[in-house]
Amino acid sequence: MFHNYSAVSKFVQLFNRGNVLRLNAVVLGVSLTLGGMAGYTNASDHDDGEVDTKGRNLNLTDLYVFRDGDQNPQGSKDNLVFIMNTNPRSVARQQYYFSNRARYDFNISRVKDNEATPTGKPDVKLRFEFSPPNQNQEQEVKITAISDNGRHVARAVTTSLNSEVNVQKLSLGNSPIKFFAGLREDPFFFDVEQFFRVRAGALGKGPTVGYREPSTAIDFAKGYNVNAIAIKVPIKLLQGKTSATSFDVWETISVPTAKGKFKQVERLARPAINEGLIFTNDSLNALNSVSPKFEANALAGKKPAANIAAPIFGEAITTLKALGNSDERTNALVGAFLPDVMRIDTTAESGYGKALNQKGSPIRGRLLKDDVVDITLSVLTDGKVTGDNVSYEGTPGNPSQGHSPLVPQFPYLALPN
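Each value, and the rule that gives it
- The residue numbers shown here count from 1 along each chain, following its written sequence.
- Confidence filtering applies because this is a predicted model: local features only for residues at pLDDT of at least 70, side-chain atom pairs given and counted only at 80 or more, and all residues used for totals across whole chains, interfaces and linings.
- The basis for every side-chain value is the complete set of heavy atoms in the structure, and neither hydrogens nor water enter the calculation.
- Per the convention used, a helix needs a DSSP run of H or I reaching at least four residues, while a strand needs a run of E reaching at least two, with both numbered from the N terminus.
- Categorising residues by exposure relies on relative accessible area from a 1.4 Å probe, with only protein chains included: less than 20% of the type maximum marks a residue as buried, more than 50% marks it as exposed, and the intermediate range marks it as partly exposed.
- Each accessible area is a Shrake-Rupley estimate made with a 1.4 Å probe; only the visible protein chains count as cover when residues are assessed.
- Here, axes are lines fitted to C-alpha atoms. For helices the fit covers the stretch in contact, and angles between N-to-C directions go from 0 to 180 degrees.
- These descriptions rest on fixed angle ranges, namely under 35 degrees for roughly parallel, over 145 for roughly antiparallel, 65 to 115 for roughly perpendicular, and the rest for oblique.
- When the near helix sits turned anticlockwise from the far one by under a right angle, the crossing is termed left-handed; a clockwise turn instead gives a right-handed crossing.
- In this description, contact between two residues means that some pair of their heavy atoms is separated by no more than 4.5 Å.
- Put simply, Ala, Val, Leu, Ile, Met, Phe, Trp, Tyr, Cys and Pro go in the nonpolar bin, Asp, Glu, Lys and Arg in the charged bin, and everything else, Gly too, in the polar bin.
- What makes a nonpolar core is a set of buried Ala, Val, Leu, Ile, Met, Phe, Trp, Tyr and Cys residues whose side-chain atoms join them at distances within 4.5 Å.
- Here, a strand pair is defined by DSSP locating no fewer than two bridges between the strands.
- Take a side-chain nitrogen of Lys or Arg and a carboxyl oxygen of Asp or Glu: if they are within 4 Å of each other, that pair is a salt bridge.

*Asks:* Please set out the overall build of the chain residue by residue, giving values where relevant.
*Replies:* Assigned secondary structure in the chain consists of 11 helices and 12 strands. Burial analysis of the chain (417 residues in total) assigns 57% to the buried set. When the accessible surface of the chain is split by element, carbon and sulfur atoms take 49% of a total near 16800 Å².

Given below as structure tokens:
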């Protein structure tokens, strides 16, 4: 959590000074009654929109993007680290695998400047495809960089549980990279159970409650592992022939259909947005299947995206108003957090709460210990809620909190439980 209240307050003030973005009437004109929607989902990005045909290794949990030198004083600020965590709630001392049918992608758009509206069109893809596990519980990995500079491929292997960490130095074209894939401790921290109680109360679907005290707050990710994909690349690889210094990032998982084409089943960028604002599984699954470009078209009033997205955006608007936001502030929040991408300005220090653009969107990526829940809650509630009383290190004396120390070198994530 943010132990410095002034830091949360400053972040909210930064948002409130941002320009209010007017959304198209086709979106804001939606009238939505909670009774007409499908039943509640108690899901976070650690298992949002899970269905019978989509197992946990096809679920994304978190996206982290940061300059290497901002996580590691000995690292280079000319390199970016991307981390994709998957397979939520992986229990300790058990081996889990990446799907050998799926494509796991980092999607990266070059951004003209920090005020530019996200296009949702990737200029670069970093793709990972996994083989079935061998007798040593390892999976071979095909890494592909796809951009206007062509396709470049590298080969790697995962690190199996209880084996030496295998950080591989490879090349994509002429670009040196580092790569790791395997189980690590889940770094996310959040009293998610209490969050859903608080949200249900705000929406009139349960008793009105607040967050638990630090001594009793429960970090639902404590003790679990995730399957992580971590890659460190030169910023020049992402720039191509341009001089771009800011990028929009989102991650996706796609699986083949019966006809052999790949269908997107999962998407994630900013933390605690989809599951914080959207409250039905139908809407979460719909968002998981589309790109940020679809959201951009919907917000611009382009059909058919606007008509299709209206009920989904209506859920977000309903939640924001239930949290006490005015119409004007609700419009500003929707405009700031949609389309859902994670923007990173590589010219300045990384960190989710470090800076906003004029629309109120965070523009500095995300570090592993950033308290994104406290930051997001403070903005979505206009400072009325400043945190869930959970932190990475945990509250002394509370056995339901606390994570293992991060490792000092790439891939930085703590060793698996």
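*Asks:* Tell me about the packing of helix α9 (residues 305–322) against helix α10 (residues 327–337), residues and numbers included.
*Replies:* Between two packed helices, what matters for the description is the angle formed by their axes and the separation of those axes. Viewed as axis vectors pointing N to C, α9 and α10 meet at an angle of 130°, and their least axial separation amounts to 10 Å. If you check the angle between α9 and α10, you find them oblique. Here α9 runs over α10; the crossing is right-handed. The segment α9 lies against α10, with Ile317, Leu320 and Lys321 engaging Asp327, Thr330, Leu333 and Val334. Taken together, the residues of the contact of α9 with α10 sort by class into 4 nonpolar, 1 polar and 2 charged.

*Asks:* Explain the nonpolar core residue by residue, including any values.
*Replies:* The biggest cluster of nonpolar side chains holds 53 residues, and the ones touching the most others in it are Phe66, Ile83, Phe337 and Leu368. The greatest single-element share of this core, amounting to 7 residues, is contributed by α9. Ignoring any residue separated from it by four or fewer positions in sequence, one finds Phe337 in contact with Arg270, Ile273, Tyr352, Pro362 and Val379. Counting residues in hydrophobic clusters, the runner-up holds 41 residues, among them Phe106, Leu126, Leu237 and Phe247.

*Asks:* Give a detailed account of the pairing of strand β8 (residues 175–185), specifying residues and quantitative values.
*Replies:* With 9 of 11 residues buried, β8 lies mostly within the body of the structure. Of the pairings in the sheet, the one linking strand β7 (residues 168–172) to β8 comprises 5 bridges and is antiparallel in character. Bridging across to β8, Gln168 finds its partner in Phe179. What sits between the antiparallel neighbours β7 and β8 is a turn of 2 residues, in which Gly173 has the positive phi angle 65°. In the sheet, β8 pairs with strand β9 (residues 225–234) via 8 bridges, with the strands oriented antiparallel. Among the inter-strand pairings, Glu185 is bridged to a residue of β9, identified as Asn225.

*Asks:* Provide a residue-level description of the environment of Ala305, including the pertinent values.
*Replies:* Among the structural elements, Ala305 can be located in helix α9. Its relative accessible area of 6% is what places Ala305 among the buried residues. Residues Ala305 and Phe294, spaced 11 residues apart in sequence, show a C-alpha to C-alpha distance of 6.2 Å. If near-sequence neighbours (up to four positions away) are discounted, Ala305 is found in contact with Phe294, Asn297 and Ala298.

*Asks:* Kindly report on the pattern of salt bridges, identifying the contributing residues and their values.
*Replies:* Close approach of charged atoms lets side chains of opposite charge pair. Under the criterion given, the structure shown has 16 salt bridges. Between Arg212 and Asp191 there is a salt bridge; the shortest N-O distance is 2.7 Å. Of this pair, Arg212 sits in the loop between α4 (192–202) and β9 while Asp191 sits in the loop between β8 and α4, and the two are 21 residues apart along the sequence. Across the pair, exposure class does not vary: Arg212 and Asp191 are buried alike.

*Asks:* Quick rundown of the pairing of strand β6 (residues 150–157)? Include the residues and the values.
*Replies:* Residues in a regular strand project their side chains so that they alternate between the two faces of the sheet. As judged from the 8 bridges shared by strand β5 (residues 140–147) and β6, these two strands associate in the antiparallel manner. Each bridged residue has a counterpart across the sheet, and for Ser147 the counterpart in β6 is Gly150. In this structure, the hairpin formed by β5 and β6 is closed by a connection of 2 residues.

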